[in-house]
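Breakdown of the fold
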Amino acid sequence: MTRARSPEDEATLGRRGSWLLGGPMLVFVVALFGYPAYLVLRTSVASGDGLDSGGFSLTHYVTFFTDSLYLDALLNTFVIAVVSTAVTAVLGLLYAYEITRRPGLRTVLLLLLVLPLLVNGVVRIYGLQLGMISLDRVLLDLGLRDTPLGLQYSFAGIIIALVMFQFPFMALAVYAGLSRLDVSLVEAAQTLGAPRREVLVRVVLPLAVPGLVAGSVLTFAAAAGTFIVPAMMGGGRVNTIPQMIYTSVSQTSQWATASAFAVVLVAILAVSILYSLRRGLRSTAGTR
Amino acid sequence: MRTSSTPRERTRYPVFAICFTLLLLVPLVVVVATAVNPGAYLKFPPDGFTLDWFTTAIETPRFQSSLLLSLRIAVIASVVGLALTIPTAVAITRGRRRLRPWVSTATVLPLITPDMLLALGLLIMLVQIGMASSLIGLVLGHVLIGMPLAVQVLVAALSGVDENIEQAAQTLGASRATAFVRVTLPAILPAIGSAAVFLFIFSFDNVSISLFLSAPGQTTLPITMFQYLEYNSDPTVSAMSTILIVLSLVVAVVLSRLGGLSHLAGSPTRRSS
């Protein structure tokens, strides 16, 4: 009976034990996440473009929003993220709804869906490019097209790659919600003469919205933040913010410029995600 | 009535879902097919069958040294990661209530931040302390990326272990540490295995962190392949890719045996970026 334990604090570990076990992670995250994040923020408002230049100025942000090269990259990043999120959401919803209605082979399908997630991203993009080249050859041989599509180095190729990469997360997030759907409910509604669209909007969609929101946030963040997809699929023609961050550091040593890009990227992500979360939550509340 | 059930039964297969799932696997099949084509050019479907390109890939000095470096870093990252995440998971499930939200929030932060920002911040810090091209930075960066999922797997397993059993062991005279090591630890061994595999594969596959923190001439395999593919694509790189695909299959089998595969699917991971 050394000390009284409050009912809320039913920890097995004492105060010292808790800190001893939880402390290292806190130190780790502060040292490798918190401090580096602060350094990026600090560097982005330095007066010079090098490291340790010190001072304070917003030049790098001003340059960002006035130079057409940077604005193009910003626009590309945003368009890529929005389009790939929209396409992934529609396909993910169809997929999740179909495997809810028709459960045949479901376990196998979900396993096969997860499998590519374990394969290296570079390998997956390379395979996709080889596939697109083969597709072009088949289309030319069959006389369906006179000129190759050239998807392997194109804007559309970037979208296709991102949709393929993020699809499993979207489909599984939506499926998690839809799996609570009682299929007989849908059939009953249809038997009673409810139009197909009405059933989808009133019964299916409300269950899918939380998954769609979660999947969209994930897809948007991945699409806006990816370096390797536009770097490989864009063929050097489609400039995005992550690519500008990398080239600013590796080729021209413009540390402050790169840091400002990174801060802008995070700001875009934070604003878009918070906005969509609020919209998503409101629409769920409305349909219930 | 009787005849109507047969076509209905048949339509229970999700045709679109099956086609789409297979479509997602096509790139991997194409890679494997181009790796076994005898000619020194990429051809799909292949003209014949050979395993020579695998020998060439392994013997290419660039690929060989990168593969060994990647494996070494991934193993170290798994060990360091486990040493960090097991105590963390114990603190989250058994620690004091007031500390728990802080620790669990800390483990999620790297997950919701773009890789590019993590990588840039780490590089600025490492340059400042003069460790820009050391392997330590690379290992710690990889641990940072893999840690959230590892913690999640371990926390899920630890929450499933009845604390009363641990307390019973203590009542019977075991110290708290002994009770943990001999009672709780064996119960979560599969989860520890899954966490180790996740830490390994997240390190092995990572592009963003490695891109910034790899020293020139000492790049990990994904970066070497990315740089190689900028100027050439040939059966050698297809063979190297096939080796990575086979490794992923092995990882998938191990994870499904350990019960960790569902965590990969249900959680926000960062495979592509």
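In this text the structure is predicted, and so the values were computed from the model without any measurement.

1. Overview of the overall build of chain A
The number of helices and strands found in chain A is eleven helices and zero strands. The order of helices and strands in chain A, counted from the N terminus, is α-α-α-α-α-α-α-α-α-α-α. On C-alpha atoms alone, chain A measures out to a radius of gyration of 24 Å, which is more than a quarter above the 19 Å that the 2.2 N^0.38 rule sets for 288 residues. In terms of principal-axis extent, the alpha carbons of chain A reach across some 80 × 70 × 35 Å. Taking all 288 residues of chain A together, 51% fall into the buried category. If you take every contact in chain A between residues at least 6 apart in sequence, the share linking residues at least 24 apart comes to 69%. Counting every atom, chain A has about 13600 Å² of accessible surface; 67% of that belongs to carbon and sulfur.

2. Topic: the pattern of salt bridges
Two side chains with opposite charge may pair up if their charged atoms get near one another. All names here are of chain A. Summed over the entire model, instances satisfying the criterion amount to six salt bridges over all chains. A salt bridge links Arg202 to Glu198, with the nearest nitrogen and oxygen atoms 3.7 Å apart. One end of the pair, Arg202, and the other, Glu198, are both in helix H8 (residues 196-225), four residues apart, so they sit about a helical turn from each other. Residue Arg202 is classed as exposed on the basis of its relative accessible area of 61%.

3. A short note on unusual backbone geometry
The omega torsion of the bond from Phe44(B) to Pro45(B) falls at -5°, within 30 degrees of zero and hence cis. As for its placement among the helices and strands, Pro45(B) is situated in the loop between helix H2 (15-35) and helix H3 (52-59). A positive phi angle, close to 60°, is found at Leu105(A), a residue other than glycine. Counting through the fold element by element, Leu105(A) comes out in the loop between helix H3 (68-101) and helix H4 (106-114). Backbone geometry places Ser253(A), a non-glycine residue, at a positive phi of 50°.

4. Some points on the interface of chain B and chain A
The interface of chain B with chain A comprises 92 residues on the first partner and 85 residues on the second. Interface of chain B and chain A: buried area, both sides summed, is about 8000 Å²; carbon and sulfur atoms make up 76% of it. Joining chain B to chain A, the criterion identifies zero salt bridges. Connecting chain B to chain A are nine residue pairs in polar contact (both at pLDDT 80 or more). Ranked by the residues each element gives to the side of chain B that touches chain A, the list is headed by H2(B), at 14 residues.

5. Considering the environment of Leu255(B)
Residue and element names in this part refer to chain B. Tracing the sequence through the fold places Leu255 in helix H13 (residues 235-258). For Leu255, a relative accessible area of 0% translates into the label buried. Distance in space between the C-alpha atoms of Leu255 and Val197 is 7.4 Å, their sequence separation being 58 residues.

6. Remarks on H3(B)
Residues and elements named next belong to chain B. Listing the buried residues of H3 in full gives Trp53, Phe54 and Ala57. For H3, the angular spread of buried residues about the axis comes to 105°, placing them on one side. Seen from the open side of H3, the exposed residues pointing more than 90 degrees away from its buried face are Asp52 and Glu59. Packing partners of the buried residues in H3 comprise H2, helix H4 (61-94) and H13.

7. Quick look at the environment of Gly127(A)
Here Gly127(A) lies in helix H5 (residues 121-141). For Gly127(A), a relative accessible area of 0% translates into the label buried. Along the chain, Gly127(A) and Leu111(A) lie 16 residues apart, while their C-alpha atoms are 20 Å from each other. Setting aside anything within four residues of it in sequence, one finds Gly127(A) in contact with Pro27(B), Val30(B) and Val31(B).

8. Focus on the environment of Val108(A)
Locating Val108(A) in the fold gives a position in helix H4. Distance in space between the C-alpha atoms of Val108(A) and Gly177(A) is 19 Å, their sequence separation being 69 residues.

Conventions we followed
Residues numbered from 1 in each chain as written. Chains lettered and ligands numbered in written order. Predicted model: local features only at pLDDT ≥ 70, side-chain atom pairs only at ≥ 80, totals over all residues. Heavy atoms only, no water. Helix = DSSP H or I, 4+ residues; strand = E, 2+ residues; numbered from the N terminus. Rg over C-alpha atoms; globule rule 2.2 N^0.38 Å. Buried < 20%, exposed > 50% of the residue type's maximum accessible area, 1.4 Å probe, protein only. Contact = heavy atoms within 4.5 Å. Areas by Shrake-Rupley, 256 points an atom, 1.4 Å probe, with all protein chains shown as cover. Salt bridge = Lys/Arg side-chain N within 4 Å of Asp/Glu carboxyl O. Buried area = accessible area lost by both parts, 1.4 Å probe. Polar contact = N/O pair within 3.5 Å; in protein donor to acceptor, adjacent residues only side chain to side chain. Arc of directions from axis to C-beta.

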